[in-house]
Amino acid sequence: MKKLLYILGLLAVSFGFVSCEPEFDNPLSEDVYHSGDADFSTYVSVGNSLTAGYTNGTLYKSAQSMSFPKILAGQMALAGGGEFTQPFLDDDINDVGGLLLFGNIIAAPKLVVDASQGTVEPINAMPTIEVSNLHPGPYNNMGVPGAKSFHLLAPGYGKLANIPLGKANPYYVRMASNENALVIQDAIAQQPTFFTLWIGNNDVLSYATSGGIGEDQTGNQDLTTYGPNDITDPGVFAYVYQQLLDALTATGAKGVVATIPDVSSIPFFTTIPYNPIPLTDQAQVDALNNAYAQYNAGLLQVVALGLLSPEEAALRTIHFQLGANAIVIEDESLTDLTSLNLPSIRQANAYDLVLLTAKSVIGQADPNNPQLIYGLTVPLEDKWILIPQEITSIRAATMAYNVAIEQLAAAKSIAVADMASIMLQLHDKLATEDGSIYTADYFNGSNLNELAFGLDGVHPNPRGYAIIANEFTKVINRMYNANMPLVNPSYYPTIPIVPSN
Amino acid sequence: MKKVLLLALFMLAYTSIYAGGYRVALQGQRMLGMAHAGLSVFDNPETAFFNPAGMSFLKDKFAVSFGVSGIISKVKFQNELYNWQAETQNPVGTPFYLYMTYQTDEHMSFGLAIYTPFGSSAVWDDGWTGSQIVREISMKVFYIQPSLAYKFSDMLSLSASLIMAYGNIEYDKDINRNLTDEEGNKTYASLQSGTVSQAGYALSMALRPSDKVSIGVNYRSEIILDAKYGTAEFYNVPDLLSQTLKKTAFSAKLPMPAELGMGISVRPTEKLLLAFDYNRTYWSVYEKLIINFASDDLDPSIADKYYQNTNTYRFGAAYQVNDKLAVRAGYYYDESPLTEGHFSPETPSLDSNNYTFGIGYQMDRLAVDFSLLYVDGKERTDYTIVRGEGTPYKFGGTYVSNAIIPGIGITYKIK
């Protein structure tokens, strides 16, 4: 029996000897990830809505927690990064975003898909974020939704009293360290050791999303004459960008700047085709053609008089048929023949971009006269369409901005994340590291898993922001010899869908 | 009564994943001490499992053997690209066996074996990144195998067995990588097969060409457990999908592969026994795991498996110190049946080096045997393709595992 006990003891010892945990040859310990030549201890992100985490038409609490800088800061935390604060949103108690100013709604809550109707609309809920409840920063995330490049240097941009005058930004008003602060001051006051700067999108985007109703200010450097929907002069942009970069690098911080995507690659402009109206009734086709017969005949007469080129007459001739039909639009770039009772209208074609928001009016009857249908008998106004001349202006400005960004960054040895290129890939198909496919398509009911954009058609959804954060990570790893892991976008939520609204 | 018995057996049959697919080779503490190389060792009732034909050569008219093991196992996972790290929190598995042998006359022997040849259990960290593949899984299978052996001569015995297999599988997995309820809790499915049974057979041959050499061959047939009336329930379902993800029935088939074994043992001296076994396990039958749901709203869940047949080589030795004490040791190499590109964390089986030790203590009619198995899983970096969420995607990383398995068995015999 003694022997038996001895044996048991021996077994117990050998058991203790081998009952250790399995170990990897190269375990993911603290020294695997590092910041290389960079210092992530104080990371400050500067930019607009894309930096703030804005999606589905607003900024709300859960979306902010998945902003690209927040994701990036999470990766930096594995490589010496410090705390990363974001503007106060704890008062977004129902997580719907939107804004109140003295109790009045000045920004709608987030867009959702109403599954019972198959429609996209603001969620049926009351915003709770009161702009006049100030929560002075500065915050590590200095993304200000709606900001153009020069707004980051604009005095009074954080002054509550300036909001009604259109000279202040409600998001910045809430987060500014004081009412006279500049966005860039609040950024550098934190003494960043690392920064991201992604600004300039709104310098063309507000012009584009308003259908080109603003002015192309290229050549005009007098900011006081600019309207909210104008294209910023590239010279102004380059000057402002230089100031921003000088400020951010003044104390030796490293960083990444990002290029401006071509706005025509985003779903806001690519979802509604130029010919969205199907006609199935020959009688209706005939009636429509009759309605425009006089206009078409008038064009021919003007050509005969030598006042109009035959090419423009052909472009303007309106013709309907069974099947898909192009909508009728206003085009102020056409030769003005209104004195001859010929309006500046034509049918849209593949060179035009129809805004996502036009979906709500195309094919709708005029409430005052049910006989009149938008897009058929009533031309769509300029604000619903980007015509080729407008697209050309946007592209020219975007390209000029990107040249400035690349040159100014190169001069300071600052890395560039080519978001313009990422957006082009998304426009086609972007495969992530695990083989998941993402596109820049708008939600169509069956592409939920591939969506990189939210329901406003302009801003990425959290998965899109994860893709963006990964691109920043890759650039930082490459340019600053760092090693940070990526995130997997597919673990982030897609668009919000509610059973009914 | 039958239900209660089954339940009790299932409670005991709790195993943990450690090697060789979901095969659990722990069918006798004596043989386990010497690498589980028991195909040609006919000196104890464990042969009722290893090679029922060997019952003919037992020295005792009646023998019974019972044993149980405790599996303490852990699998670790990491992925450097995404900084993913996870590990299993497996409960201690307790596979068991019970063997009875009885020689009716000079030629005829009966045997009964109840054992747990298959099983797996993996409980991954809460909220780990592979939870869309498996949150936790528990598979318990036991066989009840009555055998009849006929001794043709002192050299040859043949045996045939009937096998009744009983299985029970519980499998929890998230619906996909991001679906949650309104509070942010991951939506998951819980699949319960209920008790499934199926019959199979075994054939074996025992040869004793001389006093010093024994040879054994054993074949156990494939048994496909066909869960026809499983129950799928869904938890943390968002309101949006409350009509789609409702409790429903499901069906699925899981194969218990056939196994062919050949072994030879020699006694170079009176006190020393050396045994070598070769096992071929016909895993290639496991091509896909298809779960069909009764609800029309749910697409079948299809996972590619494409297992490959595996070879296991076992080398064992036993040394009789005196008439009471025996010490045993062994080594075997176990191949993973998982093929490249189909490495899934629900059965993260790795190639492994296995070291065994054993001690036996013989009293008058009673013997007590202790065994210890250490499974050293070889690190492997691999992935599986996951479907059901848009474009099929890769999930993978590096896996490593080990297991420590002490066991105790008792044998009682009557001459």
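Counting of residues starts from 1 at the beginning of each chain's written sequence and follows it residue by residue. Chains carry letters from A onward and ligands carry numbers from 1 onward, assigned in written order. pLDDT decides what is reported in this predicted model: residues at 70 or higher carry local features, side-chain atom pairs at 80 or more are listed and counted, and totals for whole chains, interfaces and linings draw on all residues regardless. Note: side-chain values were computed over all heavy atoms of the structure, leaving out hydrogens and water.

## Points about the overall build of chain B
A count of helices and strands for chain B gives three helices and 22 strands. Taking 415 residues into account, the globule formula puts the C-alpha radius of gyration at 22 Å, and chain B, at 22 Å, falls close to it. Referenced to the eigenvectors of the C-alpha coordinate spread, the extents of chain B come out at roughly 70 × 45 × 30 Å. Burial status follows relative accessibility: with a 1.4 Å probe on protein chains alone, a residue under 20% of its type maximum counts as buried, one over 50% as exposed, and anything between as partly exposed. Residues counted as buried form 58% of the 415 residues belonging to chain B. Note on contacts: a residue pair is in contact if any heavy atoms of the two residues lie within 4.5 Å. In chain B, the share of contacts with a sequence separation of at least 24, taken over all contacts with a separation of at least 6, comes to 69%. For chain B, the exposed surface amounts to about 16200 Å²; the carbon and sulfur share of it is 57%. When charges are counted, neither His nor the chain ends are considered; positive counts come from Lys and Arg and negative counts from Asp and Glu. By convention, the point assigned to a charge is CZ for Arg, NZ for Lys, CD for Glu and CG for Asp. Between the centroid of the 36 positive side chains of chain B and the centroid of its 42 negative side chains there is a distance of 7 Å. By the criteria applied, helices consist of DSSP H or I runs no shorter than four residues and strands consist of E runs no shorter than two, each listed in order from the N terminus. Note on method: radius of gyration uses C-alpha positions; expected globular size equals 2.2 Å times residues raised to 0.38. In these tables, accessible area is a Shrake-Rupley quantity obtained with a 1.4 Å probe, and a residue counts as shielded only by the protein chains included in the view.

## Quick look at the interface of chain B and chain A
At the junction of the two partners, chain B supplies 41 residues and chain A supplies 42 residues. Interface area, chain B with chain A, both sides summed: about 3600 Å², of which 63% is carbon and sulfur. When residues of chain B are sorted by the area they lose upon contact with chain A, B:Tyr82, B:Arg177 and B:Leu240 head the list and together hold 17% of the total. Think of a salt bridge as a Lys or Arg side-chain nitrogen and an Asp or Glu carboxyl oxygen that are within 4 Å of each other. Across the contact surface, chain B and chain A share four salt bridges. Linking A:Glu21 and B:Lys76 is a salt bridge whose minimum nitrogen-to-oxygen distance equals 3.1 Å. Definition of a polar contact: a pair of N or O atoms within 3.5 Å, with one able to donate and the other able to accept a hydrogen when the atoms are protein atoms, and with sequence-neighbouring residues admitted only if both atoms are side-chain atoms. Inspection of the region where chain B meets chain A yields 17 residue pairs in polar contact (both at pLDDT 80 or more). Secondary-structure elements contributing two or more residues to the side of chain B that touches chain A are strand 2 (72–79), strand 3 (84–87), strand 19 (352–362), strand 20 (366–377) and strand 22 (393–414) of chain B. The greatest single-element share of the side of chain B that touches chain A, amounting to 10 residues, is contributed by strand 22 of chain B. In this description, buried area is defined as the sum, over both parts, of the accessible area (probe of 1.4 Å) that is lost when the two are combined.

## Some remarks on the environment of B:Gly200
Residues and elements named next belong to chain B. Along the chain, Gly200 falls in strand 9 (residues 196–207). Taking relative accessible area as the criterion, Gly200 reaches 9% and is therefore assigned buried. Put simply, Gly200 and Asp364 are 164 residues apart on the chain and 37 Å apart in space, counted from C-alpha to C-alpha. Apart from residues no more than four positions distant in its own chain, Gly200 is found in contact with Ser161, Leu162, Ile163, Ser221 and Ile223.

## Observations concerning the pairing of strand 5 (residues 119–122) of chain A
Residue and element names in this part refer to chain A. Taken together, the four bridges between strand 4 (residues 111–114) and strand 5 define a ladder with antiparallel strand orientation. Following the sheet pairing, Leu111 is matched in strand 5 by Pro122. Any two strands between which DSSP finds at least two bridges are classified as paired. Two successive antiparallel strands, strand 4 and strand 5, enclose a turn made up of four residues, where Gly118 displays a positive phi of approximately 70 degrees.

## Brief notes about the packing of helix 7 (residues 201–209) of chain A against helix 12 (residues 388–411) of chain A
Residues and elements named next belong to chain A. The axes are straight lines fitted to the C-alpha atoms, using for helices just the contacting stretch, and the angles between their N-to-C directions are given from 0 to 180°. In contact at an axis separation of 10 Å, helix 7 and helix 12 are set at 170 degrees when each is read in the N-to-C sense. Viewed along their axes, helix 7 and helix 12 adopt a mutual orientation that is roughly antiparallel. For the pair helix 7 and helix 12, the contacting residues are Asp203, Val204, Tyr207 and Ala208 in the first and Glu390, Ile394, Ala397, Thr398 and Tyr401 in the second. Gly falls in the polar group here, along with every residue not listed as nonpolar (Ala, Val, Leu, Ile, Met, Phe, Trp, Tyr, Cys, Pro) or charged (Asp, Glu, Lys, Arg). For the contact of helix 7 with helix 12, the per-class residue count stands at six nonpolar, one polar and two charged. An angle below 35 degrees is read as roughly parallel, one above 145 as roughly antiparallel, one from 65 to 115 as roughly perpendicular, and any other as oblique.

## Structural notes on the sheet that holds strand 20 (residues 497–498) of chain A
Hydrogen bonds between backbone groups are what pair the strands of a sheet, and the pairing can be parallel or antiparallel. All names here are of chain A. If you trace the three strands from one edge of the open sheet to the other, you get 5-4-20, paired in mixed fashion. At either end of the open sheet lies a strand with only one pairing partner, and these are strand 5 and strand 20. Sheet topology places strand 4 next to strand 20; two bridges connect them, and they run parallel. In the strand pairing of strand 20, Asp114 is matched with Val498.

## Topic: the environment of A:Leu50
All names here are of chain A. Examined against the element boundaries, Leu50 turns out to sit in helix 2 (residues 49–52). Judged by relative accessible area, which is 8%, Leu50 ranks as buried. Sequence separation between Leu50 and Asp37 is 13 residues; the distance between their C-alpha atoms is 27 Å. For Leu50, the residues in contact, after removing those within four places along its chain, are Phe68, Trp198, Asn201, His459, Pro460 and Tyr465.

## Structural notes on the domain arrangement of chain A
Residue and element names in this part refer to chain A. In this document the domain limits rely on a domain assignment from an automatic tool or a database. Each assigned domain of chain A is listed with its residue range as follows: domain 1 (43–269 + 388–498) and domain 2 (277–347 + 353–386). Distance from the C-alpha centre of domain 1 to the C-alpha centre of domain 2: 37 Å. Tallying the contact residues gives 18 residues for domain 1 and 12 residues for domain 2. Regarding the contact of domain 1 and domain 2, the summed buried area is about 1100 Å², with carbon and sulfur atoms giving 66% of it. Considering only the side of domain 1, the residues that lose the most area to domain 2 are Phe268, Phe269 and Glu390, jointly responsible for 41% of the buried surface there. Here domain 1 and domain 2 share zero salt bridges between them. The tally of links from domain 1 across to domain 2 stands at one residue pair in polar contact (both at pLDDT 80 or more). The set of elements that each furnish at least two residues to the side of domain 1 that touches domain 2 consists of helix 7, helix 9 (267–270) and helix 12.

## Focus: the nonpolar core
Nonpolar side chains in soluble globular proteins tend to be buried together. Nine residue types can take part in a nonpolar core, namely buried Ala, Val, Leu, Ile, Met, Phe, Trp, Tyr and Cys, and a core is a set of them joined through side-chain atoms within 4.5 Å. Within the largest apolar cluster, 144 residues are counted, with the highest numbers of intra-cluster contacts made by A:Leu197, A:Phe472 and A:Ile476. Counting only domains with at least three residues in this core, you end up with domain 1 (43–269 + 388–498) and domain 2 (277–347 + 353–386) of chain A. Core analysis: the next-biggest nonpolar cluster, separate from the first, contains 65 residues, B:Val41, B:Ala149, B:Leu254 and B:Ile291 among them.

## Description of the packing of helix 13 (residues 419–428) of chain A against helix 14 (residues 462–479) of chain A
Axis angle and axis distance: for two packed helices, these are the angle between their axes and the distance between the axes, and together they describe the pair. Residue and element names in this part refer to chain A. Direction vectors running N to C along helix 13 and helix 14 enclose 135 degrees, while the axes themselves pass 11 Å from each other. Here helix 13 is positioned oblique relative to helix 14, judged by the angle of their axes. As helix 13 packs across helix 14, the resulting crossing turns out to be right-handed. Residue-level inspection shows Met419, Ile422 and Leu426 of helix 13 in contact with helix 14, the latter providing Ile467, Ile468, Glu471 and Phe472. Here the residues of the contact of helix 13 with helix 14 sort into six nonpolar, no polar and one charged. Here is the rule for handedness: rotate from the far helix to the near one, and if that takes an anticlockwise turn smaller than a right angle the crossing is left-handed, while a clockwise turn gives right-handed.

## Overview of the sheet that holds strand 7 (residues 194–198) of chain A
All names here are of chain A. Spatially, 6-1-7-8-17 is the arrangement adopted by the five strands of the open sheet, whose pairing is parallel. Of all the strands in the sheet, the pair left with one neighbour each is strand 6 (141–143) and strand 17 (415–417). For this sheet, the mean angle separating the axes of adjacent strands, direction not counted, is 15 degrees. Where strand 7 lies against strand 8 (residues 254–258), four bridges are found, and the strand directions are parallel. In the strand pairing of strand 8, Phe194 is matched with Lys254. Of the strands in this sheet, strand 1 (43–47), strand 6 and strand 7 are in contact with helix 4 (residues 68–76), which crosses strand 1 at around 160 degrees.

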